Amino acid sequence: MTMHTTIGKPGDMFWFKGTLVKIRVSWNAGEDRVSVVEHYMPYGESPPLHIHRNEDEVFHILEGEMRIHIDGKESVAKAGETVLAPKGKPHSFRVESPEGARCLTITSGGDFENMIREMAEPATSAGLPPQVEPTPAMIIALYEACARNGIEIIGSPLS
């Protein structure tokens with residue numbers, strides 16, 4: 001049996017849109033291009049409604065509760081549950097637990113991870129970043145980074 005363990009390095013931890021992100025397995029580490037990203041998110045965190053053109057997105061909830069919207073349908077996922085957002089289907093989520101949520105996001109191909117690396121900044125601590133209101137320039141930059149990485153923003157975050 002062969003076992004591959006990835007130990008996080010300081011360069012693998014980022015602040016991304018008000019969340020803390022740890023790249024646990026990078027897409028370029030293996031032949032199948034699987035990426036495993038761990039997210040720490042505050043209550044109310046919600047990305048814009050979007051579509052991944054090239055990769056499925058799997059959410060495995062480790063802590064907390066998330067309301068997940070996929071292709072017009074909503075469900076609530078709790079710790080221990082796994083949800084698939086198929087490529088080509090509009091999706092978003094919202095952290096509903098007051099204490100926040102932690103999940104693994106698993107994709108293959110590198111688009112999602114590359115977008116995070118492009119938009120994020122290195123985390124200076126293991127906590128959540130200071131919360132800031134996105135400026136128009138930040139929103140435009142996110143739309144452009146997503147477009148470059150096979151992700152199309154098509155709507156607003158969930159409220």
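Residues numbered from 1 in each chain as written. Predicted model: local features only at pLDDT ≥ 70, side-chain atom pairs only at ≥ 80, totals over all residues. Heavy atoms only, no water.

Before going further, it helps to spend a moment on empty space enclosed by the protein. Summed over all chains, the structure comprises 1 cavity of 30 Å³ or more. Taken together, 21 residues form the lining of the largest cavity, with Phe16, Pro47, His50, Phe112 and Met115 sitting closest to its centre. Contributing elements (two or more residues each) for the lining of the largest cavity: β3 (34–41), β4 (50–52), β5 (57–63), β10 (101–108), α1 (111–119), α2 (136–148) and β12 (151–153). Residues belonging to the lining of the largest cavity are distributed by class as follows: 13 nonpolar, 5 polar and 3 charged. (1 Å grid on protein atoms, 1.4 Å probe; cavity = no way out; pocket = protein on both sides within 12 Å on 5 of 7 lines; lining within 4 Å. Points joined across faces, edges and corners; volume = space filled by probe spheres on them. Helix = DSSP H or I, 4+ residues; strand = E, 2+ residues; numbered from the N terminus. Nonpolar A, V, L, I, M, F, W, Y, C, P; charged D, E, K, R; others polar.)

Relative to the elements of secondary structure, Pro122 occurs in strand β11 (residues 121–122). Residues Pro122 and Ile106, 16 residues apart in the sequence, show an inter-C-alpha distance of 21 Å. Each residue touching Pro122, except ones within four places of it in the same chain, is listed here: Met13, Phe14 and Trp15. (Contact = heavy atoms within 4.5 Å.)

Taken as a whole, the largest pocket holds about 760 Å³ of empty space. Looking at the largest pocket, it is lined by 26 residues, and the ones nearest its centre are Lys17, Gly18, Val132, Pro134 and Met138. Mapped onto the lining of the largest pocket, the elements with two or more residues apiece are β1 (13–16) and α2. Among the elements that make up the lining of the largest pocket, the one with the highest residue count is α2 (4 residues). Grouping the constituent residues of the lining of the largest pocket by class yields 16 nonpolar, 6 polar and 4 charged.

Right, let's get into the packing of aromatic side chains. Tallying each qualifying case throughout the model produces 1 aromatic pair. Note on Phe59 and Phe93: the rings are 5.6 Å apart at their centroids and 70 degrees apart in plane angle, and the pair reads as edge-to-face. Taken together, the positions of Phe59 in strand β5 and Phe93 in strand β9 (residues 91–95) put the pair 34 residues apart, joining distant regions of the chain. Accessibility assignment for this pair places Phe59 and Phe93 in one class, buried. Positioned over the ring face of Tyr43 is Arg94, at 5.1 Å from the centre of the ring. (Phe/Tyr/Trp six-rings, centres within 6.5 Å; stacked < 30°, edge-to-face > 60°. Buried < 20%, exposed > 50% of the residue type's maximum accessible area, 1.4 Å probe, protein only. Lys NZ or Arg CZ within 6 Å of the ring centre and 35° of its normal.)

On to the pattern of salt bridges. Under the definition given, this model contains 12 salt bridges. Lys17 serves as the salt-bridge partner of Glu45, at 3.2 Å between the closest nitrogen and oxygen. On the criterion of sequence distance, the pair formed by Glu45 in the loop between β3 and β4 and Lys17 in the loop between β1 and β2 (19–25) is long-range, its members being 28 residues apart. A residue is classified by how much of its surface remains accessible, and Lys17, at 37% relative accessible area, is partly exposed. With a closest N to O distance of 2.1 Å, Arg148 and Glu118 form a salt bridge. With Arg148 in helix α2 and Glu118 in helix α1, the pair connects residues that are 30 residues apart, well separated along the chain. A residue is classified by how much of its surface remains accessible, and Glu118, at 37% relative accessible area, is partly exposed. (Salt bridge = Lys/Arg side-chain N within 4 Å of Asp/Glu carboxyl O.)

Turning to the pairing of strand β7 (residues 73–78), a few remarks are in order. Along any regular strand the residues' side chains alternate between the sheet's two faces. Where strand β6 (residues 65–70) meets β7, 6 bridges bridge the pair, whose relative direction is antiparallel. Across the sheet, Glu65 pairs through a bridge with Lys78, a residue of β7. In this structure, the hairpin formed by β6 and β7 is closed by a connection of 2 residues, where Asp71 is found at a positive phi of approximately 50 degrees. (Pairing = 2+ DSSP bridges.)

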